[in-house]
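# Report on the structure
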Amino acid sequence: MESQRKSSGDDDGGERGLLHTWKGYSCSVTPERMLLPRPVLQVALGIRHGVLLVEGGQVYSFGELPWKQSQVPGGPTQECALSGQRVVAVAAGSFHSGAVTEDGGVHMWGDNGAGQCGLSGLSAVPNPTPVALVDSDTVPPQTVPVLELACGEQHTLALSVKREVWAWGSGCQLGLNVATFPVWKPQKVEHLAGRYVLQVACGALHSLALVRCLGSQDVQRPPVDKCRHCNQLLYTMTDKEDHVIISDGHYCPPGAELTKDERKLEAPAHGLKTSPSEPVLSSHTSTSHSDSPAPQTSADPSSDSAPVQDLEKEETALANGVLPCSDSDPTAQSEGGSGAVSVVKSSLYPDEQAVKDYLKKLTDNTQTEAKTGGLHSLLPSAVGLASSPSATLNTLVASCASAVGERVASTYEALSLKKMMNYLPSGVSRSGAPTGLTGTAPGVGDNTTERVRQEDSMQGKKSSSTGDIREEEAESMRRRLSLPGLLSQGRYAVHLLSSSYALLLSPRLLRKAVRPRMRAVALTPLGAAVPEAPEVLPTLQTEVWSWGHGEHGQLGHGDNLARLKPLCIKSLNSKEVVRVAAGAGHSLALTAQSQVFSWGSNSSGQLGHMESPSTIPRLAKLSEGIRVWDVSAGSKHTLLLADGDCIQPIIYYSGQQAKETEEESEAKEPGHQEEGEEKQERAGGYTPQPVLLPFCMHLGYVSSVFAGGKRCVALSDRNVMGFIASLHELAAAERKFYCKLCNIKTQIIRPLLELESLSSTLGQVTFGFLQILAGQFSLLCHMTGQHAASLTANLRRGRDVKSLLILDHAGIFLDSYNEYCSTLGNFQVMGGIQALTKPSLDFFGKSPELLQRLSECSEENPAVADLLSALFYLPINHIHEYGRLLLKLATCFEVCSDEYQRLQDSCSKFEALSLQLKRRRKDAEYTFHFWKSFPGKMTVNSLRDSLRKPHRRLICESSNKALTLQNAGRFSVNWFILFNDALVHAQGVAPCKNLFSTHHVFPLATLWVEPIPEENTGTYGLKMITPEETFTLLASSPMEKAKWLRSINQTVDQALSGATHDKTSVSPGSGPKLEPPISRTASYTFYKDGRLKEATYEGRWLAGKPNGRGVLKWPDGRIYTGEFKNGLEDGFGEFTAPNKALNKNDHYQGHWKDGKMHGLGTYRYASGEVYDGSFQDGMRHGHGMLRSGKLNTSSPSVFIGQWVQDKKTGYGVFDDITKGEKYMGMWQDHLRQGTGVVVTQFGLYYEGTFKDNKMMGTGILLSEDDTTYEGEFSDDWTLNGKGVLTMANSDYLEGSFGGEWGSSLKVTGSYFKPHLFDADKEKTHVVKLGRLCVCSEDKWQAVFVECWSQLGCETSGQGENWKAWENIAVALTTNRWQIQDRPEILSRSHSRTLESLEVIPQHVGPITMDRYHIIRLYLIKACDTPLHPLGRLVETLVAVYRMTYVGVGANRRLLPQAVNEIKSYLNRIFQIVRFLFPDLPEEGGQIPEPTTNLPDQKEPGSTDAPPQSPKPVRVVSCSALLLPVLLPRLYPPLFTLYALDKEKEDGVYWDCVLRLNKQADLALLAFLGVQQKFWPVTISVCMPALGEKQQVRFGCSSYSTPSTSTTKIQVLSSTKDACFASAVETLQQISTTFTPSDKLQVIQLTFEEITQEVQSLLKQDFLWSMDDLFPVFLYVVLRARIRNLGSEVSLIEDLMDPSVQHGEHGIMFTTLKACYYQIQHEKIT
């Protein structure tokens, strides 16, 4: 070994992970350096051996290794069995070792006598051997990966990735429920199942675990009421007169059988024993009540019984989670914990009257606190959540058992305890903070690998800790924990307590910490849970659990008893323990506040203090300002690594002095050396408290210390490039800062808040702000502690920049400080710091040295207010420190490196925030002094009170007459004050006593300022524009004008960016000139009389007027949401107005102009009526539809037509559904006036004149049976005057008529029978319909006018073509923008149509066929979307057409009108199309078809083509262009009218078709006179493939199937439906087409099919004569069986393009028509 060692002073070798080893603490000791090929990452020490982990994952052993077969003497030897594995952690027990590999595997070697290596059948394991941890609870059983190991003398503990503890070996220190040892196979410690374990440590015969406190999400387990082991109730309830006691004082010590003596030790003291996670509870609820002292036996002479009064005090304090002891006061200390209480007071309660008074006081306090509405930083809470580890708990009880059960006994002592707590010496650590961003740092005290970090963060996602809230923060509210009268509701009522008070955490912070946005959460573990999200900072809410042998008190429960199961050490619950260590017989806990608690054997002073008893944790004695950040424990000594005065860490040693002579005695077996131990220790000397090792300064920057046996080891780094020193400085600064904040919190803020008179002194509002501020301070303090723990862990582990949280999560820090500074500024502005001065003087005395020391104030005799201010602003100075240290770190890297960049970025963020917060402090002070001097200046307290708001900061004010109001009265006084959120104008009259009688506040968001050019007026004016006022301010000088202009603009800009004072502060007259946007989003309530009085507008503004999208709400419930322009509703919007009479709302959705409804819209009236159509100036005007009736689906009436000035005027259709009548005609002022038509559901038809809503004047009336009256009418259906009544058989009456149609008629006149004699035939009375109805050109004019106006034309055709196209583009864009929010309207195909319409087709220039086709396609697309004016027109026309001719309107007599209406549509739409495409020829014009002859087809050499026949041309017509668009949409109602009209003829035709179709093909051909040469002899039939059935459709001879083959079949006399089958099938398609041109195309194809078949029959070209063709075609028509052929023929005839009538199509159509008539009159012989 000598060759490998050298003095630690030598200076060569590596720079990281240098290992130094020594023994003892005397001055002569010099550490030796152990040389290794690579930097050492971790050391583990046994009694006489050690294990080293070096970079790269190799493991070395050194010292005495008796389990090796052949040990090479000398230096460290590599464990070759582990080569090829990357080890991430090592551990050493007394005589065995372990290692954890990267994949979580465990390897053990060394002594295995007690099964500590986990390998059965071997007494020793020479080389590292894998040990599997198998979880048999899972199916199939799975191997458990491990994070870290800890080894004792006879046992090993493993911490799994899931944060569960596994154990193997021998002894009760395993914590397993087993009776036989050794335990060879690793088993899970069930008692800690469900808890999140952070670290494990093993002493010789005891175990420690550092556990994260349960959050509420950890206790969501099924309720268990009884103990699994002894079947007793876990919870008992006792009903007292005015309260309920809930106790969880159950304890059963299951496990291995104990000896008789041990049983005596373990006997519970009658109900005083608590569940492992609970403090002592009195025995009121125990079943065997006992007042007698419990016997106590103790193995440790130092653990004498404490005096009774001290014990009672201790019990009370423990029950409240506080340890009332200080280092300097040993008499006040006593053994706490379970089983050690010697005397129990018979009752802990005061007399009844005291209780009542106390409860009353509580209630009052609770009410006042509830009123403040502030954040309560002092909360009732539990030390840890109640949970019996042996059984899962009822969820509700779990969430508050600690709030009730553990405190019931001490509830009534809360007051006296509270007073005592105020004067606790500072040595007692009472600090703590509410949980802010709690969690587990990736591997606090874990090993250096990425894997560990990843698994940690994964686990963090699964459960996050709300932690336990410190009991110190709960004292003021502890009295609520008694439960008056809740027994009746059972134990579930307990939960009410838990959520009563909650400290709120800023949701902004949570969002920054990679968390989902959520409501503010309770900081107590009892209320809401912190959201489950990846945790960023390590948790400080921890508990220490211990188990195993306790003869030296090393378990820390206040006794010397052994524990078979893990038990929580209550006194450490609020101490923020971040690391635990265990020596042979003593234990250590390191807290976030850099203090060390120690307990257990103190035979050699290894605890660092000499107080007794040493069975409970006590603070090690260290000088003031020494902050410990790493600890390690050996057999009888302790090593502490701490911050000293300089950056370099220092090492303290406490315990036995090692002498060289002792080394021989080490060779003794461990069992034989105990007798002489004490003598040796006394002889060898030991430290009564920790001593500084003088050589530690020579070791460099020590990153961790290790102790084991009698040996000490330190790992250090050399300070390369200053990097290591900077890292150490950053961590040390954070630790120091955290301690400072804790001192301020515990010594200043909390005592002040606990003053009973404070809320009355400060007033409720200020006290509320103080509570919020205290809460924010607590959060900041807690976050700092977490960060310090994270930095410390980084020093012990990786010492790299990557894992610095301040870089990745700078947002958390910046936001915390931002929020704190805002709260502090608000508190200061409201005079909080000033108001705190008196209570502080009363409390801290006239010379507040404590304040001066903590606030780091160097002045002599400073004012208390200044001290308080410095104290509260102290955290903000730390921001600059962050920046400085990050910059220092950055300088250690190359400028181009990533690390430099990240550090530099973070540094600049912190520096920027530092400057910003300083400015904000100045603003707050400036504003406070303004309010302070306010009353002296003016006697306007009410004005001050109304203007003074916490967030409001003063920017500048015009008290120096710098600003005056233009045109102000002679005696008027005007004062302008600019705040960060408003401009205040106070005014009054000069000699008046109350100077400022009125004031007005102009919010900055709606304030516009414009400088008035000086050359015009010679004055320095600023024009101020607000929504309701515009006024001019005059400045006293150009400087003042510039200052105010800049200040107002800057402040407005910040107010708009939502940064009232979070961003750069505004300083008057400085900084860049910022122009706030003239267009902005803001909210404003109008106050002046007028249409908008008291209405609130929220939305876009432009120069003082609402402009853009916004919402306007009136107090009476009216709401407008939509577009504004120039202050008025303009564009698309929705309006809701309450109808008080009907208790429902009117609702309008549509277009507006100048504040009124204008354009298209839908108005739903509260009465149930719905108007859908055009508006103008707020009235229904133009085309619209009104549905009346409660249910729109079955509304009693519908009107569709023209409106003028809110009245039905012009042409319209009224469908009276209740009467079953439909009126189509003219209206005036809501009345039928002029000509019109009425049809009824009973088939009556009237056309004629109307007057005053009645049939009055000349008219024609037809009934269903063709009885007709033509003459005078006086009322609806009432005949009155001359007329002619014609019967269905053409007889008619002529004369004077009177009476109502359908009842008896009075007739005076002559009766004619025209057909009686042939001579009278000319007297036949024929009634012509259509003369007395509205002509089709006059119908729906409003619809077309609307379309023209959309195109920008006053009247049809009067306008600019380019303007029309521009309007189309605008309409498409705006409409598309409006419906983007409604995806149900905008389908994908619709979207594509709109995109194609964005391209405007060429609309100027000569029309060729190509351009004609482009126009045709454009029109098809345009008419396909209602967003295009043409599409809107077509959609409306389709709606009105269906409205007219569907339902009652389906009357055969309306057919001529229906056809004429379509023709009228075509003409009028064609007029619009020709306006858009002016070069399109008019109706009947021609476009030449392009010739198909290409030049290269000409004969070579010929220059001129021979004269050809006339060129083909396309005739332009409205029907050819527009019918394909229009007719498919109108086809159903139109064809229905045709079918009704042709009902008789079609009936005759169909009978004939059915009869003739009974014949076979050849018979029918013969019957129809088809020449025999045209009869098919064979026909081709597609036969189905083998195995498939032949499918022949009746009436259609398509024999095809998926797999077919064509064969010839002979036509027999019985063959049916086979001849001319393809022609028949083609003709049947006439019913599936819409337009006449399509139907003619079908007829043409049918002729071609017939011709083709005949030609293949005759095998030669063939020309038809009509005589030959007609019978064949007649056969095809019959076989096609077209049901309504008469209707089809009539439709083609009526709507056929005139240019086609005399061509080929015309002849073919005539043939079809002839066939129809022929079939009707066919006689079957």
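Refer to the preceding data block for the structure.
## Focus on the overall build of the protein chain
Helices and strands together make up the secondary structure of the protein chain, namely 36 helices and 64 strands. Buried residues in the protein chain amount to 56% of all 1725 residues. Considering only contacts in the protein chain between residues 6 or more positions apart, those separated by 24 or more positions represent 60%.

## Section: the packing of helix H27 (residues 1429-1445) against helix H29 (residues 1518-1541)
Interaxial distance between H27 and H29 falls to 10 Å at its minimum, and their mutual angle equals 5 degrees. Considering their axes alone, H27 and H29 lie roughly parallel with respect to each other. Between H27 and H29, the contacting residues are Val1434, Leu1437, Val1438, Tyr1441, Arg1442 and Tyr1445 on the first element and Leu1526, Arg1529, Leu1530, Pro1533, Leu1534 and Leu1537 on the second.

## Remarks on the sheet that holds strand S38 (residues 998-1003)
Strand order in the open sheet made by the four strands is S34-S36-S37-S38, with antiparallel pairing throughout. In this open sheet, the two edge strands, each paired with only one partner strand, are strand S34 (954-957) and S38. Taken over all neighbouring pairs, the strand axes of this sheet differ in orientation by 20 degrees on average, direction set aside. Here seven bridges tie strand S36 (residues 972-979) to strand S37 (residues 982-989), and the two strands are oriented antiparallel to one another. Paired with Asn974 across the strands is Gln987, a residue of S37.

## Looking at the pattern of salt bridges
Summed over the entire model, instances satisfying the criterion amount to 37 salt bridges. For Asp630, the salt bridge identified is with Arg579, shortest N-O distance 3.3 Å. In this pair, Asp630 sits in strand S28 (residues 627-633) while Arg579 sits in strand S24 (residues 577-582), placing the two residues 51 residues apart along the sequence. For the pair Asp630 and Arg579, a shared accessibility class is recorded, and that class is buried. With a closest N to O distance of 2.8 Å, Glu881 and Arg884 form a salt bridge.

## Regarding the sheet that holds strand S11 (residues 124-131)
Across the sheet, which stays open at both edges, the four strands sit in the order S8-S9-S10-S11 with antiparallel pairing between neighbours. Of all strands in the sheet, those with a lone pairing partner are strand S8 (87-92) and S11, marking the two edges. Each strand axis lies, on average, 15 degrees off the axis of its neighbour in the sheet, ignoring direction. Two strands pair when backbone bridges link them, and strand S10 (residues 106-111) and S11 are joined in this way by five bridges, in the antiparallel orientation. Within S11, the position partnered with Asp111 by the bridge is Ala124.

## Here we look at the pairing of strand S48 (residues 1156-1164)
Bridge count for strand S47 (residues 1144-1153) against S48 is six bridges, and the pairing is antiparallel. Residue pairing for S48: Gln1149 is matched across the bridge by Thr1162. Taken together, S47 and the strand that follows it, S48, pair antiparallel across an intervening segment of two residues, in which Asp1154 is found at a positive phi of about 50 degrees. Inspection of the sheet shows S48 paired to strand S49 (residues 1170-1176) by six bridges, in the antiparallel sense. Along S49, the bridge assignment pairs Arg1164 with Val1170. Connecting S48 to the next strand, S49, in antiparallel fashion are five residues, including Gly1168 with a positive phi near 110 degrees.

## Regarding the environment of Leu983
Looking at the secondary structure, you find Leu983 in strand S37. Considered as a pair, Leu983 and Pro1003 are 20 residues apart in the sequence and their alpha carbons are 6.4 Å apart. With near-sequence residues (within four places) excluded, Leu983 lies in contact with Ile977, Leu978, His1000, Val1001, Phe1002, Leu1004, Leu1007, Met1024 and Trp1044.

## A short note on the packing of aromatic side chains
By the definition in use, this model includes 55 aromatic pairs. Here Tyr1084 and Phe1086 contribute two aromatic rings whose centre-to-centre distance is 5.1 Å and whose plane-to-plane angle is 85 degrees, an arrangement assigned as edge-to-face. Neither residue differs from the other here; Tyr1084 and Phe1086 are each classed as buried. With a centroid separation of 6.4 Å and an interplanar angle of 85 degrees, the aromatic rings of Trp1114 and Phe1135 are classed as edge-to-face. Here the residue Trp1114 occupies a position in the loop between strand S44 (1105-1113) and strand S45 (1119-1125), and Phe1135 occupies one in strand S46 (residues 1128-1139), the gap between them amounting to 21 residues. Both residues of the pair, Trp1114 and Phe1135, belong to the buried class. The ring of Tyr1223 has Arg1232 sitting right over it, with the charged end atom 5.3 Å from the ring centre.

About the criteria used
Residues numbered from 1 in each chain as written. Predicted model: local features only at pLDDT ≥ 70, side-chain atom pairs only at ≥ 80, totals over all residues. Heavy atoms only, no water. Helix = DSSP H or I, 4+ residues; strand = E, 2+ residues; numbered from the N terminus. Buried < 20%, exposed > 50% of the residue type's maximum accessible area, 1.4 Å probe, protein only. Contact = heavy atoms within 4.5 Å. Axes fitted to C-alpha atoms, helices over the stretch in contact; angles between N-to-C directions. Parallel < 35°, antiparallel > 145°, perpendicular 65-115°, else oblique. Pairing = 2+ DSSP bridges. Salt bridge = Lys/Arg side-chain N within 4 Å of Asp/Glu carboxyl O. Phe/Tyr/Trp six-rings, centres within 6.5 Å; stacked < 30°, edge-to-face > 60°. Lys NZ or Arg CZ within 6 Å of the ring centre and 35° of its normal.

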